[in-house]
Structure formats: C-alpha cells, structure tokens
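Each chain, written out:
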Amino acid sequence: MREDDDVDGRVTLAEVATQAGVSLSTVSKVLNGRSDVSRPTRTKVERLLETHGYRRRALGASQAPLIELVFHELESVWAMELIRGVENVAKENNASVVLTESGTRHAPGPDWVEGVLRRRPLGVVLVFSTLPDRVKKQLRSRAIPFVIIDPAGDPEPDVPSVGSANWSGGMAATRHLIDRGHERIAIITGPEDMMCSLARLDGYRSAMAMAGLEPDPRLVRYGDFHVQGGFSHAMELLEAPDRPTAVFAGSDLQALGVLEAARLKGLSVPRDLSVVGYDDVPLAQWSSPALTTVHQPLRQMAQEAAQMLLRPHDPDTAALRIELATKLVVRQSTAPPPGDA
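Residues numbered from 1 in each chain as written. Predicted model: local features only at pLDDT ≥ 70, side-chain atom pairs only at ≥ 80, totals over all residues. Heavy atoms only, no water.

Colleague: What should I look at first to understand the packing of helix α7 (residues 166–179) against helix α8 (residues 195–210) in this one?
Modeller: Geometrically, a packed helix pair is captured by the angle between its two axes and the distance between the axes. The N-to-C vectors of α7 and α8 enclose an angle of 40°; their axes lie 7 Å apart at closest approach. When the axis of α7 is compared with that of α8, the two are oblique. Of the two possible hands of crossing, α7 and α8 adopt the one that is right-handed. On α8, the residues that touch N166, W167, G170, M171, T174, R175 and I178 of α7 are C196, A199, R200, D202, G203, Y204, S206, A207, M208 and M210. (Axes fitted to C-alpha atoms, helices over the stretch in contact; angles between N-to-C directions. Helix = DSSP H or I, 4+ residues; strand = E, 2+ residues; numbered from the N terminus. Parallel < 35°, antiparallel > 145°, perpendicular 65-115°, else oblique. Left-handed = near helix turned anticlockwise from the far one by under 90°. Contact = heavy atoms within 4.5 Å.)

Written out as structure tokens, the structure reads:
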C-alpha cells in the first residue's frame, strides 16, 4: 500500500480493524498512543499496520508546535547545553520544548513511546545510543521524525544522528600532555559499553603509540562521566607509588573529581599533576585552576539535531549522520611534569 492511499486513513484503517477483529476506534486509539488498549490488541494492530506499510501523513499545522527532547538523566551539566541548543531552534520556529526523562543511556523506556504518540510533537531529539526497531517503526508510521544526539558514537545506519569526533578529541588531549613532556599519563574514560568512551581511549592509545610510549594498563580506567567516578579512580591512581604525572579525564565532571582528589592528596595542579577534561562545559573555565579540556560542541550538536527534524525529508531515504569537530582548549590545568619545568 502506498502512502498516497492514506488520504484520510479510513479505508486502510478499516481494513486493519477488520483483520484485527477490533473496532475502527480501537485502531485509532493504538495510532494515537492511548493507554486504554490491552497489550495483546495493541501488538496485533501494530503488526498489521507494519504489514500494510501504513504511514500517516504529517499533520503540519495541526500538530502540536512541540519538539520533544528525551534524556535518560537530567543531572549532567552538559544536558543544559543540549537543552539550550534545541531551545534556540524551537524559538526560531515558534515551537516549545518538552523535556522527558526515560530509560537507560542506551534506549528510552518501553512506555515512553505511548506518551509521545499522544503528544504528536513536530519531532523528537533523543540523547541515546539507539532506538528499538519497534519504536522506530511506530514513530515513522505516525510521521513523527526523530534524530539521535549520539553520545556513544555508534548509531545504526537507519537512524539520523548527530555526533562528534571522539577519537580526534582523545588524540588531541593526550598529544597535548605528551608535548608538555608527560610520559606517565592516566586516562579515566567513560563506561566500557559506550563507543564514545572507547573512541576517546583509542585516541589516547594512538597518541601514546605515535610518541613511542607504551601505556601502562594500570593507568587505564573506565569511569561513569560523573564527578564521583573521576574522584574514586583518581584517589586510587594517586595513592600508587608510581603515580601518573597527568590524567586525561573523559569528561569535565570526572576532571573535577580528579582535581578534588589531587587537593586531598596535597598535590598542586598543574605543578604536581596535569589534568585535561572533555566537553568544555561552562563550569570548566571556572574551576581552580581553569580546566584544559576538549571542546565538544554540545549546543551546536543539539541545534543541528533540531534543525534536521524540521527540514523536509523523505523517510524512505538513507539516514543522515553528521559528525562535528572537537578541539582542544588550553587553560591553566596543564604544565610540564615535576622536575621538567
């Protein structure tokens, strides 16, 4: 069935209702994400809609002027940068932003999609690694476009996404420390199951290899992108008799944890220990000392994602992947290692 056949949905939805053995109003409830439909009936109708290739036409002006932004957590300071980016685009298009917290860092929770189908926003920006196939099909059949702001760096090929150059960022951070004379460089990257963490780690390893340095496995740590994770790992690293002279933290929040660990250990940054962060959130320039970090264009990433939602698009074409550049921002938290100044 062609999308052109869905002028008002009556014929197609009537056929689906007949095949499912339910009323037309029940099919309509499923389409609009209503909760008063049993799960078996919902599953049956969804499968028939998929079998028929049903795709509702975009409602245009009759849709709610909303852009939905979905996180798995709203605690991180970098989340505010993403919110500001989406807000900028929403204002330009006379739309509002709806914030939703759902699921894990890998995908939204299973009940989220029912709510978004009821809200019928102009589009959805998701800060996740991926989306379940069922969710993608539901959003596409209701003509609700979606884009992932991809913190993991490994989007599926059929998902529009915006990311950044994580490998290059890890390379730049580590090369900067090597250029300052450091050889014993620790890294506290992010979770081991996220591609961005692994990409930054690969950048670190590549920079070390290019300098003829062999990374000490004991200096490689997987954190959680939060202050406590950086603090805990840094305390362990700094307690070792052969402690590192520099730490590359995979996020600014982890870098702040490293600064606090250094303070408690009586170490001066950067005289005794150099620290490099990642993200360049506004807080980084106000730390003490001001943090050398890798600028990840979070606000621009969010703006690109929101603009992708509002551009005319063909849902049957290949998904678009945009990758933005990162760059090193040198401040006061790095210096030559002790004895080399």
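Right, picking up where we left off after that structure.
Colleague: Sorry if this is basic, but what is going on with a nonpolar patch on the surface here?
Modeller: Side chains of V77, L283 and W286 sit close together on the surface and give an oily, nonpolar patch of about 340 Å² of accessible area. Counting through the fold element by element, W286 comes out in the loop between β9 (274–279) and β10 (292–295). Residue W286 is classed as exposed on the basis of its relative accessible area of 69%. (Patch = residues over 30% accessible without salt bridge, like charges linked within 9 Å, V, L, I, M, F, W, Y side chains within 5 Å. Areas by Shrake-Rupley, 256 points an atom, 1.4 Å probe, with all protein chains shown as cover. Salt bridge = Lys/Arg side-chain N within 4 Å of Asp/Glu carboxyl O. Buried < 20%, exposed > 50% of the residue type's maximum accessible area, 1.4 Å probe, protein only.)

Colleague: Please explain the nonpolar core as it appears in this structure.
Modeller: Here is a general trend for soluble globular proteins: nonpolar side chains tend to be buried in one another's company. Ranked by size, the top nonpolar core spans 27 residues in total, and within it L69, L82, I149 and V162 carry the most contacts. Of all elements in the fold, only β1 (66–71), α4 (77–92), β4 (146–149), α11 (298–310) and β11 (321–324) reach the threshold of two or more residues within this core. When residues no more than four places from it in sequence are discounted, the contact partners of L82 are L69, F71, V127, I149, L298 and A302. Residues L237, L238, A249 and L267 belong to the second largest nonpolar core, which totals 21 residues. (Core = buried A, V, L, I, M, F, W, Y, C linked by side-chain atoms within 4.5 Å.)

Colleague: Would you explain the environment of S206 in this entry?
Modeller: Its location among the elements puts S206 in helix α8. Residue S206 is classed as partly exposed on the basis of its relative accessible area, which comes to 23%. The contact partners of S206, leaving out residues within four places of it in the chain, are W167 and M171.

Colleague: What exactly am I supposed to notice about the environment of H72 here?
Modeller: Its location among the elements puts H72 in the loop between β1 and α4. Along the primary structure H72 and E101 are separated by 29 residues, whereas in three dimensions their C-alpha atoms are 5.2 Å apart.

Colleague: Just to check I follow, could you spell out the sheet that holds strand β12 (residues 327–329) for this structure?
Modeller: Where strands meet in a sheet, backbone hydrogen bonds hold them as pairs that are either parallel or antiparallel. In spatial order, the strands read β7-β6-β8-β9-β10-β12; together these six strands make up an open sheet with mixed pairing. Among the strands making up the open sheet, the edge pair consists of β7 (220–222) and β12. Taken pair by pair, the neighbouring strands of this sheet meet at an average axis angle of 20°, ignoring direction. Of the pairings in the sheet, the one linking strand β6 (residues 185–189) to strand β8 (residues 246–249) comprises four bridges and is parallel in character. By the bridge assignment for β8, I187 is matched with F248. Running at roughly 165° to β9, α7 makes contact with β6, β8, β9, β10 and β12 of the sheet. Its contacts with the sheet put helix α9 (residues 227–239) on β6 and β7, and the angle it makes with β6 is roughly 155°. (Pairing = 2+ DSSP bridges.)

Colleague: Honestly, the pattern of salt bridges in this entry has me stumped. Any pointers?
Modeller: Two side chains bearing opposite charge may form a pair once their charged atoms approach each other closely. Here the structure, examined in full by the defined rule, presents 17 salt bridges. Ionic pairing is found between R218 and D216, a salt bridge with its closest N-O pair at 2.9 Å. You can call R218 exposed: its relative accessible area is 53%. D216 sits in the buried class, given a relative accessible area of 14%. One connected set of salt bridges, linked through shared partners, spans D133, K136, R140 and D158.

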